[in-house]
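What the coordinates show
For reference, the chains in residue letters:
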Amino acid sequence: VLTHKSGATCGYGFQPDTGYLVYAHMPKDGKALHVSLCSRTRTSAQAEQSGDFKELGEGKAPAVR
């Protein structure tokens, strides 16, 4: 995913060696997923605590294209 470099421009401050639940969107150019500070993106620990993982369920492996 792509994000802006600064929180002042809604960039998300990802940290190395940290798991995340990422809420991203595909802009009209369709080249890459984008994530912003204003999305629900959060660390795995925060997603667990807030109930996001429970709400989303177990999930499935991505389909191979």
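Whatever comes next refers back to the structure up there.
Residues numbered from 1 in each chain as written. Predicted model: local features only at pLDDT ≥ 70, side-chain atom pairs only at ≥ 80, totals over all residues. Heavy atoms only, no water.

**Quick notes on unusual backbone geometry**
- Of note, the phi angle at C10 is positive, near 70°, even though the residue is not glycine.
- Examined against the element boundaries, C10 turns out to sit in the segment before β1 (20-21).
- Despite not being glycine, D17 has its phi angle at roughly 60°, a positive value.
- For D17, the position within the fold is in the segment before β1.
- For D17, a relative accessible area of 86% corresponds to the exposed category. (Helix = DSSP H or I, 4+ residues; strand = E, 2+ residues; numbered from the N terminus. Buried < 20%, exposed > 50% of the residue type's maximum accessible area, 1.4 Å probe, protein only.)

**A few points about the environment of Y20**
- With respect to the element layout, Y20 can be found in strand β1.
- If near-sequence neighbours (up to four positions away) are discounted, Y20 is found in contact with Y12, G13, F14, Q15, R42, T43 and S44. (Contact = heavy atoms within 4.5 Å.)

**Some words on the environment of L56**
- Summarising the element assignment, L56 is placed in helix α2 (residues 52-56).
- Through-space distance from the C-alpha of L56 to that of A8 is 30 Å; in sequence the pair is 48 residues apart.
- Discounting chain neighbours no more than four positions away, the residues touching L56 are L21 and Y23.

**Re the side chain of T41**
- Relative to the elements of secondary structure, T41 occurs in the loop between β1 and β2 (42-43).
- Within the structure, the side chain of T41 is placed 2.9 Å from the backbone nitrogen of Y23, a separation counted as a polar contact.
- Within the local environment of T41, its side chain forms a polar contact with the side chain of S39, the two groups lying 2.9 Å apart.
- Ignoring sequence-local partners within four residues, the contact set of T41 consists of Y12, F14, L21, V22, Y23 and V35. (Polar contact = N/O pair within 3.5 Å; in protein donor to acceptor, adjacent residues only side chain to side chain.)

**Describing the packing of aromatic side chains**
- Taken as a whole and assessed by the stated rule, the structure comprises three aromatic pairs.
- Ring geometry for Y12 versus F14: centroids 4.7 Å apart, planes at 50°, classification tilted.
- Aromatic pair F14 and Y20: ring centres 4.8 Å apart, planes at 80°, arrangement edge-to-face. (Phe/Tyr/Trp six-rings, centres within 6.5 Å; stacked < 30°, edge-to-face > 60°.)

Interpretation note: all reported values are geometric properties and have no functional meaning in isolation.
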